[in-house]
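# Structure at a glance
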Amino acid sequence: MPPILQHVQQATKMMSRRKILLLVLGCSTVSLLIHQGAQLSWYPKLFPLSCPPLRDSPPRPKHMTVAFLKTHKTAGTTVQNILFRFAERHNLTVALPHPSCEHQFCYPRNFSAHFVHPATRPPHMLASHLRFDRAELERLMPPGTVYVTILREPAAMFESLFSYYNQYCPAFRRVPNASLEAFLRAPEAYYRAGEHFAMFAHNTLAYDLGGDNERSPRDDAAYLAGLIRQVEEVFSLVMIAEYFDESLVLLRRLLAWDLDDVLYAKLNARAASSRLAAIPAALARAARTWNALDAGLYDHFNATFWRRVASAGRACVEREARELREARERLLRRCFGEEPVLRPAAQIRTKQLQPWQPSRKVDIMGYDLPSGGAGPATEACLKLAMPEVQYSSYLLRKQKRRGGVRARPEPVLDNPPPRPIRALPRGPQGH
């Protein structure tokens, strides 16, 4: 049997519960239009023929156990949403934080399996903020779990951290006029190691990955090399935020997922008024110097990422990333109107889609559903744009019901961490 017919036959077997509306086989595309419960999209269902799997490789089942280390201000919330929706579609258990930790696993403490809500154990997936601890995660997650994380260019990431956490990080609060330039001109004048939320002001990537964010590669190059080695031992893929779609192509191929499994809406984005349009070169250099450990991590894994793209076939990855963007635009128009736009929280009527606001000085944008929608398609669109806090709470309620857990006061952890950041009160939302 020709290879393409083998793939079609295998896909048909895997879709026994799906209603196939249309199957089109072309000389260069294999496409399906599928409706599966709350799932709604048009997408290439099999590997695009321009980027086929290895000829001698049989089709693999989708990988169902994933641990995503959600780093800060790196597009991690969008990746988390992709994983949450995949878990829902496949009835998988998602590890979620104990109520004492709110929607993060008691960050900034080192992760512990005790921080996981008992109704969400044993899990197939994990995707909420935590500080990496290899032994504790391996104790929680099943054998064969694929570990994935994402990094962002340190200067752009630091600008986002400075804006987002300006009201919470003491080092940032000390800076006159909330000036990023003033902070980077003399960071030691404002920074105090060991303060609450100090990790947001110095080498946040290294801290999230379980490293010592006070170490300097200029003084100890061996420490950076060792941290890189530890990350490489655990993580099967380190995505790069600046090349988000290409990263999702590699993720999809790593997990043997379909293109529809990695469609997304951009989440937790700041309004243009809340960020620098462009970071001046001198400021970017200063940010990288201050966050030298993060810069070393990023530079290494950015190079590793492009070697991986080359190994997969750069032209193939770029074609598939383009197909992903085109399918994503179609889905956004179907969900949010012909001209889908990100809106300020005050303009979002659907309460479940109103993003958390870190302060009055930062506007986090989101999508809203057209009025009058209902049914499976609307439910799928709602999940596509649902912010982290609402989605985490929804999944916890759903998994409690599935496990037959009765509503009762939750036990309080010994030595609970400082309460996670909460939004400041906002004025009337006008609805």
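The sections below set out a description of the structure shown in this document. Keep in mind it's a predicted model, so treat the numbers as computed, not measured. Along each chain, residues carry numbers from 1 onward, in the same order as the chain's sequence is written. Side-chain atom pairs in this predicted model are given and counted only at pLDDT of 80 or more, local residue features only at pLDDT of at least 70, and totals for whole chains, interfaces and linings cover all residues. The side-chain quantities take in all heavy atoms of the structure and omit both hydrogens and water.

### With respect to the overall build of the protein
Using the following cut-off: The numbering of helices and of strands both runs from the N terminus, where a helix is a DSSP run of H or I of at least 4 residues and a strand a run of E of at least 2. The rule is simple: take the accessible area with a 1.4 Å probe, protein chains only, and divide by the maximum for that residue type; under 20% is buried, over 50% is exposed, in between is partly exposed. Contact criterion: two residues are considered in contact whenever any of their non-hydrogen atoms come within 4.5 Å of each other. Under the convention used here, a 1.4 Å probe and the Shrake-Rupley method define accessible areas, while residue burial counts only the protein chains that appear.
Across its full length, the protein carries 14 helices and 10 strands. Counting the 431 residues in the protein, one finds 53% classified as buried. Nonlocal contacts in the protein, meaning residues at least 24 apart in sequence, comprise 72% of its contacts between residues at least 6 apart. Counting every atom, the protein has about 19900 Å² of accessible surface; 53% of that belongs to carbon and sulfur.

### Description of helix 4 (residues 154-164)
The cut-off we apply is this: The definition of a polar contact used here is a pair of N or O atoms within 3.5 Å, where within protein one atom must be able to donate a hydrogen and the other to accept one, and adjacent residues in sequence count solely through side-chain atom pairs.
Of all 11 residues that make up helix 4, 11 are buried, and the element is covered over most of its length. All of the buried residues along helix 4 are Pro154, Ala155, Ala156, Met157, Phe158, Glu159, Ser160, Leu161, Phe162, Ser163 and Tyr164. The elements touched by buried residues of helix 4 are helix 5 (170-173), helix 6 (180-185), helix 7 (204-208), helix 10 (281-290) and helix 11 (292-312). The N-cap residue of helix 4 is Glu153: its side-chain oxygen and the backbone nitrogen of Ala155 are 3.0 Å apart.

### Side note on empty space enclosed by the protein
Stated formally: A pocket, in this scheme, is an open set of points on a 1 Å grid over the protein atoms alone with protein on both sides within 12 Å along at least 5 of 7 lines, while a cavity is a set where a 1.4 Å probe fits but cannot get out; residues line either one if an atom lies within 4 Å of a point. Grid points are joined across faces, edges and corners, and a volume is the space filled by probe spheres set on the points. Asp, Glu, Lys and Arg are counted as charged, while Ala, Val, Leu, Ile, Met, Phe, Trp, Tyr, Cys and Pro are counted as nonpolar; the rest, among them Gly, fall into the polar class.
This model, assessed by the stated rule, comprises one cavity of 30 Å³ or more. Lining the largest cavity are Ala67, Phe68, Leu69, Leu126, Leu130, Phe132, Leu137, Tyr147, Val148 and Phe235. Only strand 4 (66-69) and strand 7 (146-151) provide two or more residues apiece to the lining of the largest cavity. Taken together, the residues of the lining of the largest cavity break down into 10 nonpolar, no polar and no charged.

### As for the pairing of strand 8 (residues 237-240)
Put simply, the test is: Pairing between strands is defined by DSSP: at least two bridges between them are needed.
In strand 8, alternate side chains face the same way, and those of Leu237 and Met239 on one face and Val238 and Ile240 on the other are all buried. Across four bridges, the pairing between strand 7 and strand 8 is parallel. Considered in strand 8, the bridge of Thr149 is made with Val238.

### Concerning unusual backbone geometry
Across the junction of Tyr107 and Pro108, the peptide omega takes the value 15°, indicating a cis bond. Structurally, Pro108 can be placed in the loop between strand 5 (94-95) and strand 6 (125-126). Here Arg121 and Pro122 are connected by a cis peptide whose omega angle stands at -10°. Take Pro122: it is sitting in the loop between strand 5 and strand 6. The backbone phi angle of Asn177 is positive, close to 60°, even though this residue is not glycine. With respect to the element layout, Asn177 can be found in the loop between helix 5 and helix 6. A relative accessible area of 77% places Asn177 in the exposed class. A positive phi angle, near 50°, is found at Asn203, a position not held by glycine. In this fold, Asn203 is placed in the loop between helix 6 and helix 7.

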